[in-house]
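Chain by chain, the residues run as shown.
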Amino acid sequence: MAEKLKVQNLTKIFGRRIQKAQELVKAGKSKAEILNSVGATVGVNNASFTVNDGEIFVIMGLSGSGKSTIIRMINRLIEPTSGKIFIDGQDLTKLEKKELLNVRRKKMSMVFQNFALFPNRTILENTAYGLEIQGVDKDVRHQKAHEALELVGLHGYDDQFPTQLSGGMQQRVGLARALANNSEILLMDEAFSALDPLNRKDMQDELLDLQENLHKTIVFISHDLNEALRIGDRIMIMKDGEVVQIGTPEEILTQPADEYVERFIEDVDRTKVLTASNVMIRPNTVNIDKDGPRITMRRMLENEISSVYVVNNQRKFIGIVDASHVMDLIRKKITKLDSVVQRDVPTTSPDTPITTIMEEISETSIPFAVVDDQNHLLGIIIRGAVLGAISGNEVNVDE
Ligand SMILES: Nc1ncnc2c1ncn2[C@@H]1O[C@H](COP(=O)(O)OP(=O)(O)OP(=O)(O)O)[C@@H](O)[C@H]1O
Ligand SMILES: [Mg+2]
């Protein structure tokens, strides 16, 4: 596989007495020792790695371990203290300012967590922003932005404004903005961290789907080992600015380099920490206050399912209806669902550990409904999803 990005002995020291701090780094002093003795913060300490063309490379580590600093040095928002960065074999640290700016704009795009959309611009204009500052003609940039919005599933939103979109959709706009640039490298710093679990899973799927066709080189920072294992081709684990281990998800899980990595893995010892909210999927619902049998039947046909979850206007959970009962209502020309809703559906709270309800899940044929303390329907748990999540496989929604 071709090397796209190569980072060599990259170091960043923040603060004063950088020279002295560097000497201490070379002498093998720890981040804490250096902070104590010279008052400088070691952001990144002698990091080396390569990212292959078309690879999703996940950087993981606790808060303050240097993940963002690495990504910011790659796109040169931060000047490295020492070390080299190559893109397609070209040494970025040797480039003149103007050339560098060019490489940065053409070859890389960045997606941030909680990135800000301009409230007074349409979604299309927001998406085209990166191209606009590159001086791309309006028609061209709007066309490209439009295509990028289609790619991330935001068909029809071109002329809406940010406040009209949910948080998850706004994050998609961030991704679309990066894709519109058509750059070869995507740098994603905790891009999905602000999303709720379902939206987050959707975005991970979206990214994996996109990647099948686009083959970008993606450097993806995450706090979450589950996310890293799910989307990463390889994972790099950092501690106190240093690279602790680089490996495939399998290697990280089976051959942790040291105790620090082991602790990360323990955290995902799957059955121990998986909660209902980790494994729930998005249910198909109808609204009992608004939808009648015909709409309900349509919903089932559209989604190729034989039952749907019933909520009310406040999205509170009511029960389940199945197709044969709904057909009955249609035949009898009854326009309300109430008489056929099955109400004794098992429910659970979002933070219930899966282990505690495992047995019931495997014994009940109806998926569990996950509800909050006000009985709002958050998701449902199907058997296949639980097994998939525990074994680390894709959640199979069609069970
Ligand atoms: N501009 C700065 N000035 C001084 N110190 C900084 C600066 N940016 C980062 N640091 C320090 O560098 C270290 C690495 O920070 P960095 O933001 O890269 O961590 P991170 O792994 O991205 O953490 P998080 O998961 O919280 O985002 C930390 O000790 C941080 O305090
Ligand atoms: Mg960070």
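In the nomenclature of an unreviewed UniProt entry, the protein chain is known as Quaternary amine transport ATP-binding protein of Lentilactobacillus raoultii. Quoted verbatim from the Subcellular location (unreviewed entry) field of UniProt, the annotation for the protein chain is "Cell inner membrane". What UniProt states about the protein chain under its Catalytic activity (unreviewed entry) heading is, verbatim, "a quaternary ammonium(out) + ATP + H2O = a quaternary ammonium(in) + ADP + phosphate + H(+)".

Caption draft 1: Broad picture of the sheet that holds strand β13 (residues 317-322). Pairing is mixed in the open sheet, where three strands are placed in the order β11-β12-β13. A single partner strand is all that each edge strand has here, and the edge strands are β11 (285-287) and β13. Pairs of neighbouring strands in the sheet enclose a mean axial angle of 35 degrees, with direction left out of account. As judged from the three bridges shared by β11 and strand β12 (residues 307-311), these two strands associate in the parallel manner. If you follow T285 over to β12, its bridge partner there is Y309. Sitting on the sheet, helix α15 (residues 293-303) touches β11, β12 and β13, and the angle it makes with β12 is about 130 degrees.

Caption draft 2: Molecular detail of the packing of helix α7 (residues 138-151) against helix α8 (residues 167-180). Two elements in contact, α7 and α8, have axes separated by 8 Å at closest approach and are oriented at 130 degrees. Between α7 and α8, the angle is such that the two are oblique. Crossing handedness for the pair α7 and α8: right-handed. Residue-level inspection shows K144, A145, A148, L149 and L151 of α7 in contact with α8, the latter providing A176, L179 and A180.

Caption draft 3: Quick look at helix α9 (residues 197-214). Taking 1.5 Å as the rise per residue, α9 with 18 residues should run 26 Å; its terminal C-alpha atoms sit 25 Å apart, in good agreement. Taken residue by residue, α9 has L198, R200, K201, M203, Q204, E206, L207, L210 and Q211 as its buried positions. Just downstream of α9, H215 is the residue with a positive phi angle, here 50 degrees.

Caption draft 4: Focus on the pattern of salt bridges. A complete count under the given rule lists 15 salt bridges for this structure. Taking the shortest distance from any N to any O, the salt bridge between R200 and E227 comes out at 3.0 Å. Of this pair, R200 sits in helix α9 while E227 is found in helix α10 (residues 225-231), placing the two residues 27 residues apart along the sequence. Residue R200 is classed as buried on the basis of its relative accessible area, which comes to 15%. Judged by its relative accessible area of 1%, E227 falls in the buried class. Of the charged contacts, one joins R282 and D202 as a salt bridge, the two residues approaching to 2.6 Å between their closest N and O atoms.

Basis of the calculations
Residues numbered from 1 in each chain as written. Chains lettered and ligands numbered in written order. Predicted model: local features only at pLDDT ≥ 70, side-chain atom pairs only at ≥ 80, totals over all residues. Heavy atoms only, no water. UniProt positions renumbered as here; feature names shortened; annotations may be inferred. Pairing = 2+ DSSP bridges. Helix = DSSP H or I, 4+ residues; strand = E, 2+ residues; numbered from the N terminus. Axes fitted to C-alpha atoms, helices over the stretch in contact; angles between N-to-C directions. Contact = heavy atoms within 4.5 Å. Parallel < 35°, antiparallel > 145°, perpendicular 65-115°, else oblique. Left-handed = near helix turned anticlockwise from the far one by under 90°. Expected span 1.5 Å × (residues − 1). Buried < 20%, exposed > 50% of the residue type's maximum accessible area, 1.4 Å probe, protein only. Salt bridge = Lys/Arg side-chain N within 4 Å of Asp/Glu carboxyl O.

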